[in-house]
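Analysis of the macromolecular model
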Amino acid sequence: MDYAPSILAKLPGISSRLDRNLRHLLETLESYMPDDQVELILRAYKFGAEAHQGQTRLSGEPYISHPLAVAQILADMHLDGQAIAAAILHDVIEDTEIDVADLEQQFGNEIAILVDGVSKLDQIQFDSQAEAQAESFRKMMLAMIEDIRVILVKLADRLHNMRTLAAMPPKKQARIARETLDIYAPIANRLGINRLKIELEDLGFRYLYPFRYRVIGRVLRRRTGNQRQIVKKITEQLEKAMREEGIEGQVNGREKHLYSIYKKMAEKKRSLTDIADVFGFRIVVEDVNTCYRMLGIVHGRFKPMPGRFKDYIAIPRVNGYQSLHTTLFGPKGLPLEVQIRTVEMDRVAESGVAAHWQYKAEDKTTASPQRRAREWLAKLLEIQKSGSPEEFLESVKVDLFPDKIYVFTPKGDIMPLPKGATVVDFAYAVHTDVGNRCVAAKIDRNLVPLRTVLQNSHTVEIITARGAKPNPNWVTFVATAKARSAIRNYMKSMRSSESIDLGKRLLDRSLKDINSSLRKIGKVRMRSVLDELNIETTSDLFGQLGLGERLAPLTARYLVGGEEDDETQAAASLVIAGTEGMVMSYAKCCYPIPGDSVMGYLSAGRGIVVHRNHCGNLTNFRKHPEKWLAVSWEADIEREFSSQIQVATVNKTGVLAEVASVIGDSDSNIEQVSVMDRHEDCTEISFLLTVRDRTHLARVMRNVRKMPSVLRVSRVCA
Ligand code: MN
């Protein structure tokens, strides 16, 4: 540190806390960074301090104390000079007169872009509305895809804001805490930055559930006296064992953080004492071989719990985390959780994607967090190009809560999939073509249904057939975004042929209303109208009509070339055959069935949605009369329709099963049951069931009504 005096000498004597903090930052930086970079950061500090001159935080401190603290967090993770300069400057665009151009001129392009990226993230508000959130989240991910340092600065910013959250009004505290738990902690986790994750979680927990936080904290503190004795004793035993085998390394007792204890209590429904009584140890040794040797030694001293050993060295977690995990029976049967890893793995476990920042170039191992992060971001970029914001959010969420399983291909390759993934997900993970053409599958050589949920270490073999097509129904059970979007894409192409058919029928009908027909119009007139409307082919026109993007009556009049007559025609109704496929759907508010008087609503992009005439939702839609069309049922429809009834029963065990069996005996399938309301004397249950038509539904209701334990039966109408 020969250069240290040159920089520190330029500082005034330590006169305030601020000076002390700055000096601490520079000392940290000088421990790993070349001179000129430290100079750059000092220059950024002076620039920032001047820009924020006169501003204070809610706590009353000078504003620059905040960016300075953010920079310190990143310096402790040994980030590069540009990221730290950007951290110091991260609020100047937002809060001062300075703009991006000024920064670019002063500090160059890269730092300016980083600060700009962080400022844009600052404008994102995550509120509870799922849709708004999805969009904000998407923006955030996009910023991250461009330069991951943007998100690192943002995470450090959030961490310091959480540390100083006490200065905020309680209402804001709760909102910021929730956002931290929902968004920022999972991102830190996904990037493998354990240190940040743990602190963000504990602070978020503290402000969101202050009471629970205090209770758990108090119980833990009370136990520690006794616990410390046990931890010390076991640590000594492990160290002794190491020495005897001539292994160099460290053993540490591990403190569980409050939020992880709370989460375990909530997830596993176990008591606080059960969870707090688990002791954690970490053994850090030189190399991978020694890890496995150490595992053997540990298993020799304490009996291992069956089924609890995990080899994250051979199969790292998705964020690059590597370690051996095992649980042992300790003294008096107390469970001991032991992690064994190398010095290097330990560093990665703490800092994740930030672990290797200064050695970017050497990063070649497949398990490295940087590489994992890059692969992840590349995948996100792909999904974001094709899907809706909601879909994107969903897939990001699946990634951020990484409950992965690992299965094998018949050749023995490992394939990671999210928990809950099915055979079909696996097929699409192999290749989109394999997914599209899969017809059957074998797990560990036994034939299984396609919807079978995979378990860890299954060997999966997919059987495909030429000409096979994906089933739209698969969307209801697949767990991965890749499978879902592939199936949707396929459906979209299929839907387009269906919408062409429907569009043609709609136009035919509208032409008939005004005493015309496609034949009467003729090809020449059609061509010229298509040109006027800037549509390429007749099929394209039909497609637009079928999807409700264009209205049939208007198009018909246009084709006839007639005068605009406003006379309402006694419109012939469109006949529903029940075979229209995906362009005709039945509203989930009122569940229309054959025999009901119904209306059709042309919904852009979704074709026709059929509602019952007295559905409450019709009033909303009445505002757009041009989008409504008369529809009627064809005489003999073969398929089944969903319908909903509500049944009030006496409170008696087994009554639900009785009603269900009467419904089943009436040739109806139950799709869904929910208990709506339980009163002292009766229970309201709603059934979603399938029937052929109104007559069938009436028979089902009559049979249910006859039951002695049933008080009332009614059809649910929206
Ligand atoms: Mn900030």
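Because the structure is a prediction, the values reported are computed rather than measured.

Soluble globular proteins: nonpolar side chains tend toward being buried together. L29, L74, I84, L89, L103 and L191 are the most contacted members of the largest nonpolar core, which has 80 residues in total. When residues of this core are assigned to their parent elements, the largest contribution, nine residues, is made by helix α10 (residues 148-163). Here this core spans two domains, and each of domain 1 (5-211) and domain 2 (212-354) adds at least three residues to it. With residues up to four places along the chain from it excluded, the contact list for I84 reads L29, Y32, M33, I41, A71, L74, A75 and L79.

Turning to the packing of helix α11 (residues 170-190) against helix α12 (residues 194-208), a few remarks are in order. Here α11 crosses α12 at 160°, and the two axes come no closer than 8 Å. Between α11 and α12, the crossing angle belongs to the class labelled roughly antiparallel. For α11 against α12, the interelement crossing comes out left-handed. Across the interface between the two elements, Q173, A174, A177, R178, T180, L181, Y184, A185, A188 and N189 from α11 touch L196, K197, L200, E201, G204, F205, Y207 and L208 from α12. Its residues assigned to classes, the contact of α11 with α12 comprises eleven nonpolar, four polar and three charged.

Among all positions in helix α27 (residues 655-665), only V655, V659, V662 and I663 are buried. Seen from one end, α27 has its buried residues packed into an arc of 100°, which puts them on one side. Close packing links the buried residues of α27 with β16 (641-650), β17 (670-678), β18 (682-691), α28 (694-705) and β19 (710-715). Two residues or fewer after α27 comes D667, characterised by a positive phi angle close to 65°.

A word on the coordination of the manganese ion. Bound to the manganese ion are the protein donor atoms H66 (NE2), H90 (NE2), D91 (OD) and D157 (OD), situated 2.2 to 2.6 Å from the metal. Between consecutive donors of the manganese ion, the numbers of intervening residues give the motif H-x23-H-D-x65-D. For the pair formed by H90 and D91, the shared burial category is buried.

Turning to a positive patch on the surface, a few remarks are in order. A cluster of basic side chains, namely R214, R218, R221 and R222, defines a positive patch on the protein surface. Structurally, R221 can be placed in helix α13 (residues 210-244).

Spatially, β1-β2-β5-β4-β3 is the arrangement adopted by the five strands of the open sheet, whose pairing is mixed. The open sheet has two edge strands with one neighbour each: β1 (249-254) and β3 (310-311). With seven bridges connecting them, strand β2 (residues 279-285) and strand β5 (residues 335-342) associate as parallel partners. Its bridge partner lying in β5, G280 is registered against E337.

Next up on the list: the pairing of strand β8 (residues 438-443). Relative to strand β10 (residues 460-464), β8 is paired through five bridges, and the arrangement is antiparallel. By the bridge assignment for β10, C438 is matched with T464. Note: β8 against strand β9 (residues 446-448), three bridges, orientation antiparallel. Looking at the pairing, A441 lines up with V448 of β9. The hairpin formed by β8 and β9 contains two residues between the paired strands, and D444 there has a positive phi angle of roughly 45°.

Turning our eyes to something else, we now look at the side chain of T683. Its location among the elements puts T683 in strand β18. Side chain to side chain, T683 and N651 meet in a polar contact 2.3 Å long. If sequence neighbours within four positions are ignored, T683 has contacts with V647, A648, T649, N651, V675, D677 and R678.

So, on to the sheet that holds β16. In space, the four strands of this open sheet follow the order β17-β18-β16-β19, with antiparallel pairing throughout. In this open sheet, the two edge strands, each paired with only one partner strand, are β17 and β19. Averaged over all pairs of adjacent strands, the angle between strand axes in this sheet comes to 20°, irrespective of strand direction. Two elements, β17 and β18, share seven bridges in a ladder whose sense is antiparallel. Bridging across to β18, D677 finds its partner in E684. Sitting on the sheet, α27 touches β16, β17, β18 and β19, and the angle it makes with β18 is about 25°.

Parameters at a glance
- Residues numbered from 1 in each chain as written.
- Predicted model: local features only at pLDDT ≥ 70, side-chain atom pairs only at ≥ 80, totals over all residues.
- Heavy atoms only, no water.
- Core = buried A, V, L, I, M, F, W, Y, C linked by side-chain atoms within 4.5 Å.
- Buried < 20%, exposed > 50% of the residue type's maximum accessible area, 1.4 Å probe, protein only.
- Helix = DSSP H or I, 4+ residues; strand = E, 2+ residues; numbered from the N terminus.
- Domains from an automatic or database assignment.
- Contact = heavy atoms within 4.5 Å.
- Axes fitted to C-alpha atoms, helices over the stretch in contact; angles between N-to-C directions.
- Parallel < 35°, antiparallel > 145°, perpendicular 65-115°, else oblique.
- Left-handed = near helix turned anticlockwise from the far one by under 90°.
- Nonpolar A, V, L, I, M, F, W, Y, C, P; charged D, E, K, R; others polar.
- Arc of directions from axis to C-beta.
- Donors = N, O, S within 2.8 Å, 3.2 Å for Na, K, Ca; no water.
- Patch = residues over 30% accessible without salt bridge, like charges linked within 9 Å, V, L, I, M, F, W, Y side chains within 5 Å.
- Areas by Shrake-Rupley, 256 points an atom, 1.4 Å probe, with all protein chains shown as cover.
- Salt bridge = Lys/Arg side-chain N within 4 Å of Asp/Glu carboxyl O.
- Lys, Arg positive; Asp, Glu negative; His and termini not counted.
- Charge placed at Lys NZ, Arg CZ, Asp CG, Glu CD.
- Pairing = 2+ DSSP bridges.
- Polar contact = N/O pair within 3.5 Å; in protein donor to acceptor, adjacent residues only side chain to side chain.

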